[in-house]
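Examining the three-dimensional arrangement
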Amino acid sequence: MSGLEILGFVAAVLTTVCWLPQAFRTIRTKDTKSLSLVTQSVFTFGVALWLIYGILAGNAPIIFANGVTFILVALILAMKLRYG
C-alpha cells in the first residue's frame, strides 16, 4: 500500500467515524426534529455520488469512506422521514 493510499484511508476513517455518534444517538432516541430534511437528503445523495465515483475510479479509500458513510446517513435520513 502506498503512502498516498494510507493517507486516503486515514482521511476516510476520520471523516466516517464522525458520523457514528449522530447515527447511534438518532437510532437510540429516534429524535430527528433538529435535523434538516433538505440538508440530510442532499448530503445523502452527495455521498451516494461519491461512492459511485469511487467505484468507477477504483479508489478503495473513497469506496470505503463513502460506503460506510452512506449507510449511516441513509439510516439517519430514513429515520428523519419516519419520525419527522
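Residues numbered from 1 in each chain as written. Predicted model: local features only at pLDDT ≥ 70, side-chain atom pairs only at ≥ 80, totals over all residues. Heavy atoms only, no water.

- In the annotation of an unreviewed UniProt entry, the entry for the protein chain reads SemiSWEET transporter, and the organism field reads Microvirga puerhi.
- Per UniProt, the protein chain has the following entry under Subcellular location (unreviewed entry): "Membrane". (UniProt positions renumbered as here; feature names shortened; annotations may be inferred.)

1. Description of the UniProt feature "transmembrane region" (unreviewed entry) in the protein chain
- Within this structure's numbering, the places UniProt gives as "transmembrane region" (unreviewed entry) are residues 6-24, 36-56 and 62-81.
- Helix makes up 100% of residues 62-81 and strand 0%, whereas the separation of the span's terminal C-alpha atoms amounts to 27 Å. (Helix = DSSP H or I, 4+ residues; strand = E, 2+ residues; numbered from the N terminus.)

2. Considering a nonpolar patch on the surface
- A contiguous nonpolar surface patch, about 440 Å² in accessible area, is contributed by Met-1, Ile-6, Val-10 and Leu-14.
- Note that Leu-14 resides in helix 1 (residues 3-17). (Patch = residues over 30% accessible without salt bridge, like charges linked within 9 Å, V, L, I, M, F, W, Y side chains within 5 Å. Areas by Shrake-Rupley, 256 points an atom, 1.4 Å probe, with all protein chains shown as cover. Salt bridge = Lys/Arg side-chain N within 4 Å of Asp/Glu carboxyl O.)

3. Points about the environment of Lys-30
- Here Lys-30 is to be found in the loop between helix 2 (20-29) and helix 3 (37-57).
- Judged by relative accessible area, which is 40%, Lys-30 ranks as partly exposed.
- Placed 49 residues apart in sequence, Lys-30 and Met-79 show a C-alpha to C-alpha distance of 7.0 Å. (Buried < 20%, exposed > 50% of the residue type's maximum accessible area, 1.4 Å probe, protein only.)

4. So, the packing of helix 1 against helix 4 (residues 60-83)
- Two elements in contact, helix 1 and helix 4, have axes whose closest approach is 8 Å; the angle formed by their N-to-C orientations is 10°. Taken together, the axes of helix 1 and helix 4 lie roughly parallel to each other. Residues Glu-5, Gly-8, Phe-9, Ala-12, Val-13 and Thr-16 of helix 1 form the contact with helix 4, whose own contacting residues are Ala-60, Pro-61, Phe-64, Ala-65, Val-68, Thr-69 and Leu-72.
- Of the residues belonging to the contact of helix 1 with helix 4, the class tally is nine nonpolar, three polar and one charged. (Axes fitted to C-alpha atoms, helices over the stretch in contact; angles between N-to-C directions. Parallel < 35°, antiparallel > 145°, perpendicular 65-115°, else oblique. Contact = heavy atoms within 4.5 Å. Nonpolar A, V, L, I, M, F, W, Y, C, P; charged D, E, K, R; others polar.)

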